[in-house]
Amino acid sequence: MKIPAVIHEQNAFPGVTNKMLSKHADKTMLAVMDAQKYLDPAAKCVLTGNPVRQAVIRAKRGESRRALGLDERPLILSFGGSLGARKINEAVADLLLKTAQTDRFQHIHGYGQWGGWFPDLLKEKGLDLSKHPNINIREYINNMPECLAAADLVICRAGAISLSELQAQGKASILIPSPNVAENHQYHNAMALVSRRAAMILEEKDLSGPSLCKMVDDLFQKPETIRSLGENAHSMAIPDTNERIYKIIKEVLAGI
């Protein structure tokens, strides 16, 4: 029908629909250029990144830590999405138990809507949260911009927007891609960072309490690695995504 069309692919591995549409669209906008090799050679690709909330971009570490009542100890932030993720919750429970032995870290964990059993699991393991104010667990993290800005290490899935937010804030992370997504795209998302030394990956098939604890311990024994991961993640950030998308739309419309 000769109607101009632009599409946007937020993942490092494109979905089936965008693969089909890419050769017909006037522009195919990408979150990361890794996706281009999976698209039709005729696709007119341009890098825009994913839109990130201004609240995330603007949040400052010092202000956020003060607002959260944190002290100078490192903060670990972990979550598995709004619904939660059982294997992440189970592994984080062991990490919290280990943290409670020394209270070396501060830790905020979101266990999700389907993780209502998580507080009971901690009790079964002998963890009395009333004695460890440095550990904060909640069903949902409503103040993510503050928590993200305050964190020293983030443990999470590898959804496209979560990764763009990590990049915007320049945070070191341990990524645990969900295996229950189309074409395993979260693994490709994670590897876009891992290949640039901007994150660590721990696949769910290898995830356990001990494996997560070891990776966290190894990272905090090498502060320079945490710093480097964060810097490399920040170098991938595209803070003007909204402007790039708007510019492309205007250019395509101007060609009518």
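Treat the numbers as computed from the prediction; the structure is a model and nothing was measured.

Visitor: Provide a residue-level description of the sheet that holds strand β7 (residues 153–156), including the pertinent values.
Guide: Across the sheet, which stays open at both edges, the six strands sit in the order β6-β5-β4-β7-β8-β9 with parallel pairing between neighbours. Whereas interior strands pair on both sides, the edge strands pair on one side only; in this sheet they are β6 (135–138) and β9 (200–201). Pairing between strand β4 (residues 75–79) and strand β5 (residues 106–110): five bridges, direction parallel. Paired with S78 across the strands is H109, a residue of β5.

Visitor: I'd like a rundown of helix α4 (residues 86–102), residues and numbers included.
Guide: Between its first and last C-alpha, α4 extends 25 Å over 17 residues, near the 24 Å set by a 1.5 Å rise per residue. The elements touched by buried residues of α4 are β4, β5, α5 (118–124), β6, β7 and α9 (209–220). D103 occupies a position one or two residues after α4 and carries a positive phi of about 55°.

Visitor: Requested: an account of the nonpolar core, with residues and values cited.
Guide: Judged by nonpolar contacts, the single largest core of 32 residues is most densely connected at L96, F118, I155, I174, L212 and V216. Those elements giving two or more residues to this core turn out to be α4, α5, β6, β7, β8 (172–175), α9 and α10 (223–235). Those residues in contact with L212, other than ones at most four positions away along the chain, are A91, V92, L95, I155, I174, L202 and L207. Core analysis: the next-biggest nonpolar cluster, separate from the first, contains 25 residues, V52, V56, I108 and I141 among them.

Visitor: Give me the lowdown on the environment of V194, citing residues and values where you can.
Guide: Relative to the assigned elements, V194 resides in helix α8 (residues 185–194). Spatially, the C-alpha atom of V194 lies 9.7 Å from that of I174, the residues being 20 residues apart in sequence.

Visitor: Give a description of the side chain of H132 that names residues and reports values.
Guide: Counting through the fold element by element, H132 comes out in the loop between α5 and β6. For H132, the side chain forms a polar contact with the side chain of D103, separated by 2.9 Å. Filtering out sequence-adjacent residues up to four positions away, H132 remains in contact with A100, D103 and L127.

Visitor: Hey, could you go over the pairing of strand β2 (residues 27–30) for me, with residue numbers and the actual values?
Guide: Two faces belong to every sheet, and in a regular strand the side chains alternate between them. As paired strands, strand β1 (residues 6–9) and β2 are joined by four bridges and run parallel to one another. Along β2, the bridge assignment pairs H8 with M29. Each parallel crossover has a hand, and the one from β1 via helix α1 (residues 16–21) to β2 is right-handed. By the bridge criterion, three bridges tie β2 to strand β3 (residues 45–47) in an arrangement that is parallel. Within β3, the residue paired with M29 across the bridge is V46.

Visitor: Requested: an account of the packing of aromatic side chains, with residues and values cited.
Guide: Using the criterion set out here, one finds four aromatic pairs in the structure. Centre to centre, the rings of F13 and Y38 are 4.5 Å apart; their planes meet at 55°, and the pair counts as tilted. Highlighted residues: F13 in the loop between β1 and α1 and Y38 in the loop between β2 and β3, separated in sequence by 25 residues. Aromatic ring contacts, followed pair by pair, group Y111, W117 and F118 into a single cluster. Taking NZ or CZ as reference, R86 lies 4.4 Å from the ring centre of W117, over its face.

Visitor: Outline the sheet that holds β2, supporting the account with residue identities and numerical values.
Guide: In spatial order, the strands read β1-β2-β3; together these three strands make up an open sheet with parallel pairing. The sheet is open, and its two edges are formed by β1 and β3, each paired on a single side. Neighbour-to-neighbour, the strand axes of the sheet open up by a mean angle of 25°, direction not taken into account.

Visitor: Give me the lowdown on the side chain of H185, citing residues and values where you can.
Guide: When you line up the elements, H185 lands in helix α8. Given the relative accessible area of 16%, H185 is considered buried. The contact partners of H185, leaving out residues within four places of it in the chain, are N11 and F13.

Cut-offs and rules
Residues numbered from 1 in each chain as written. Predicted model: local features only at pLDDT ≥ 70, side-chain atom pairs only at ≥ 80, totals over all residues. Heavy atoms only, no water. Pairing = 2+ DSSP bridges. Helix = DSSP H or I, 4+ residues; strand = E, 2+ residues; numbered from the N terminus. Expected span 1.5 Å × (residues − 1). Contact = heavy atoms within 4.5 Å. Core = buried A, V, L, I, M, F, W, Y, C linked by side-chain atoms within 4.5 Å. Buried < 20%, exposed > 50% of the residue type's maximum accessible area, 1.4 Å probe, protein only. Polar contact = N/O pair within 3.5 Å; in protein donor to acceptor, adjacent residues only side chain to side chain. Right-handed = clockwise from strand over helix to strand, strands pointing away. Phe/Tyr/Trp six-rings, centres within 6.5 Å; stacked < 30°, edge-to-face > 60°. Lys NZ or Arg CZ within 6 Å of the ring centre and 35° of its normal. Axes fitted to C-alpha atoms, helices over the stretch in contact; angles between N-to-C directions.

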